Amino acid sequence: MFTKYNKIAFSSIIALSIWFVQPSSAQDITHKQSSLDYSQYVNPFIGSAGHGHVFVGANVPFGAVQLGPVNVFEGWDWCSGYNYASNTILGFTHTHLSGTGIGDLNDILLLPVTGKVPLTKGTKEDMEHGYGSYFSHENEISKPGYYSVLLDKYNIKAELTASERVGFHKYTFNSKEESHVLLNLADGVGWDKPMKTFIKKTGKNSIEGYRLSKGWAEDQRVYFAMEFSEPIANITLYDSISTVKGSEAEGIRMKAVLDFNLNKEKIILVKVGISPVSSENASANIKAEIPDWDFAKTTQKAKTKWNTELNKIQITADQNTKKIFYTALYHTMFAPSIFNDINGDYRGTDKKVYKKAGFTNYTTFSLWDTYRALHPLFTITQPDKINDIVKSFLAIYQQQGRLPVWHLMGNETNTMNGNHSIAVIVDAYLKGFRDYDVDLAYEAIKKTSMQSRAGMDYVQKLEYIPADSQVESVGNALEYAIDDWCVAQMAKEMNKQDDYEYFSKRAKLYEQYFDSRTGFMRGKLKNGQWREPFDPLSSSHREDDYVEGNAWQYTWLVPQDPYGLIKLFGGDEKFTQKLDTLFTLKEGVVGDNASPDISGFIGQYAQGNEPNHHIPYLYVYAGQPWKTAKLIREIADTFYTSKADGLCGNEDLGQMSAWYVLSSMGFYSVNPANWIYVLGSPLMSSATINHKNGISFKMTAVDYSKENKYIQKAEYKGHAYTKSYITHEMIVKGGELKLYMGSVPSPSWGVKKEDRPM
């Protein structure tokens, strides 16, 4: 991808309350449970400034609808549609990407308007002569399942909430001027370009239509149905700014101005159902999910759904840590998003409609990022969704002939490196998730591993990828080796010995790129020579041997075999000496074309870019867990805050936040597919993971404090525990892990080789 989707006044806290919530689906806990209002700690504005690119608006966990405001576009940091630095709103759209660096979606814009309705958008400098309004953050509220803002130009209060497939708007008009709603299908954001749009008035209170567009998603299709609480007095259609006669029309850039004669309350409610299949299905989604006009009830339902999810991890910590933690947990549940209708219908990658699917079909998979921590986190917090995620992958495989790389709205974007749906499937398989066609799953991961794209033809022959034949050769090869290790593990479990041996050899190909003289992973030419000149600090985006990074950062990308990497360096001591330098080197990244994704620096370590995320935990494999502990505290304190710019890089659909969620509880998934979590340093006194009804795993940090960073000893279920890691089985079976903390490193805990991670 050209820039990897390039990384680069809060609402008042309400009083803590306790109430009983009804789980939102049959797959949730099947009885009412007592839940704390953890939604009060969520600040959706965290990560909305700077390069965080998070979605701000109203949605429910994993919902297809993400309904939120769109600012005037001011550059890359507006690629999600919104940045906290803005004071403009052009309207409210129903689909968004959260935390990527590529602009797409922002489909189906609605804007309540008074007086004359312009057909061209306002600008940052002039909102008077175009549609849109200035606003103040003082009159803006965002919390889980709800968003509101006062549009200054029109003196209209806009409120938003949502269900899984329906956006619900409430507009309160405080002006004596004529009341209108503008519907705009012309504009998306960033790369998005409309190809065909359609609007039809279907009743006195209803319209429907579709928006077909080309962008990052090459062929995106969104169908909608809208119901208004008040009769539409008149509808005027436009293609761009040209009037179109009648009450239905198809064009490239369709818009509609809807006129209303309001009663004394001067309120318009709008329900917008969306569908990947048809407007009829979109209408059915409305009837099933929000059949009435009770905006407050829908808002409360959305809040309840969020609290059900947030209560899956209950922590004891100071108020600021709770804000950061629960906002991070909230951000992990925007994607993947539901991609089928209430009746099960969805549109596949092959553009065929698949009727009444027997599983929840998902889309929006940022796998180069999320395989590292978000998907392992889901095996802990979302066990009811894992099988359906795998089924979604397998459906994509059957429709496009290979597993997804970066899938968006039924489209393969081929963004980023590796084949990391493989790691997600194998992690699920090894952790016991098997409610899918296992044989098909193995077929899919093996066939996907035997492609010829991006240097894989060399890998198949057990050869290195020549740097003079393929850009990003080192980055590609190291990611492939991780996936190949995963294939080997599934082959071993399924007694496919020949495949196990073959893919195990491929998984070791990372060794071909290690230059023992310099101690770096380097590009190697066809003639067997290292690429020269070589500067380990240098990074040139899409032009060198790495992917959004340099040799200092990529040398450590062997999470599937840390001990093999240590051996290449010549043992623990030389390994840790080099690793120490990574975190202390003061020079900056060299290169005018370095990706902005390389951010959040400690030395050359870059927390803002995902291939770095496991690196601080590598000390544990070399018997120096105290160095990991110190770094985890420093990274968390420096790069995760409760401010609007509280993320140091792109959120990337939950990966940045998943790192924090796991690390703050004291552990992390270094190897993304081996059921092991490496211990670090908890950021709280306790965390209780409610994995399933009646099964809880509790981490207690005894004598926790800012100063007490280092684990001195550990106990599990009341017995001494000497390992510097925990297993997935420990979490799913429950029990209490006690970590006894101290202000100085322990000379013995986690040092012995038999106590280090497997």
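What counts and what doesn't
- Residues numbered from 1 in each chain as written.
- Predicted model: local features only at pLDDT ≥ 70, side-chain atom pairs only at ≥ 80, totals over all residues.
- Heavy atoms only, no water.
- Axes fitted to C-alpha atoms, helices over the stretch in contact; angles between N-to-C directions.
- Helix = DSSP H or I, 4+ residues; strand = E, 2+ residues; numbered from the N terminus.
- Parallel < 35°, antiparallel > 145°, perpendicular 65-115°, else oblique.
- Left-handed = near helix turned anticlockwise from the far one by under 90°.
- Contact = heavy atoms within 4.5 Å.
- Nonpolar A, V, L, I, M, F, W, Y, C, P; charged D, E, K, R; others polar.
- Phe/Tyr/Trp six-rings, centres within 6.5 Å; stacked < 30°, edge-to-face > 60°.
- Buried < 20%, exposed > 50% of the residue type's maximum accessible area, 1.4 Å probe, protein only.
- Pairing = 2+ DSSP bridges.

### Comments concerning the packing of helix 6 (residues 383-400) against helix 7 (residues 421-430)
For any two helices packed against each other, one specifies the crossing angle of their axes together with the interaxial distance.
Thought 1: In the contact formed by helix 6 and helix 7, the axes pass within 10 Å of each other and the chain directions differ by 140°. Taken together, the axes of helix 6 and helix 7 lie oblique to each other. Pair helix 6 / helix 7 crosses with left-handed handedness. Each of Ile-386, Val-390, Phe-393 and Leu-394 in helix 6 lies in contact with helix 7, whose residues at this interface are Ser-421, Val-424, Ile-425 and Ala-428.
Thought 2: Grouping the amino acids of the contact of helix 6 with helix 7 by side-chain chemistry returns 7 nonpolar, 1 polar and no charged.

### Overview of the packing of aromatic side chains
Thought 1: Applying the stated rule across the entire model yields 38 aromatic pairs.
Thought 2: An angle of 80° between the planes, with centres 5.8 Å apart, marks the rings of Phe-55 and Phe-334 as edge-to-face. Taken together, the residues span a long stretch of sequence, with Phe-55 in the loop between strand 2 (33-36) and strand 3 (68-70) and Phe-334 in the loop between helix 3 (319-331) and strand 22 (337-338) at a distance of 279 residues.
Thought 3: Judged by relative accessible area, Phe-334 falls into the buried class, the value being 2%.
Thought 4: Plain terms: the ring middles of Tyr-346 and Tyr-354 are 5.3 Å apart, the flat faces sit at 15° to each other, and that makes the pair stacked.
Thought 5: What makes Tyr-346 buried here is its relative accessible area of 5%.
Thought 6: The exposure class assigned to Tyr-354 is partly exposed, which follows from its relative accessible area of 27%.

### Digging into the sheet that holds strand 39 (residues 725-727)
Thought 1: Ordered by their spatial adjacency, 3 strands build an open sheet running 33-34-39, and the pairing between neighbours is antiparallel. Where the open sheet ends on each side, the last strands, each with one partner, are strand 33 (667-668) and strand 39.
Thought 2: Relative to strand 34 (residues 676-679), strand 33 runs antiparallel, the two being bridged by 2 bridges. When the bridges of strand 34 are listed, Phe-667 appears paired with Leu-679.

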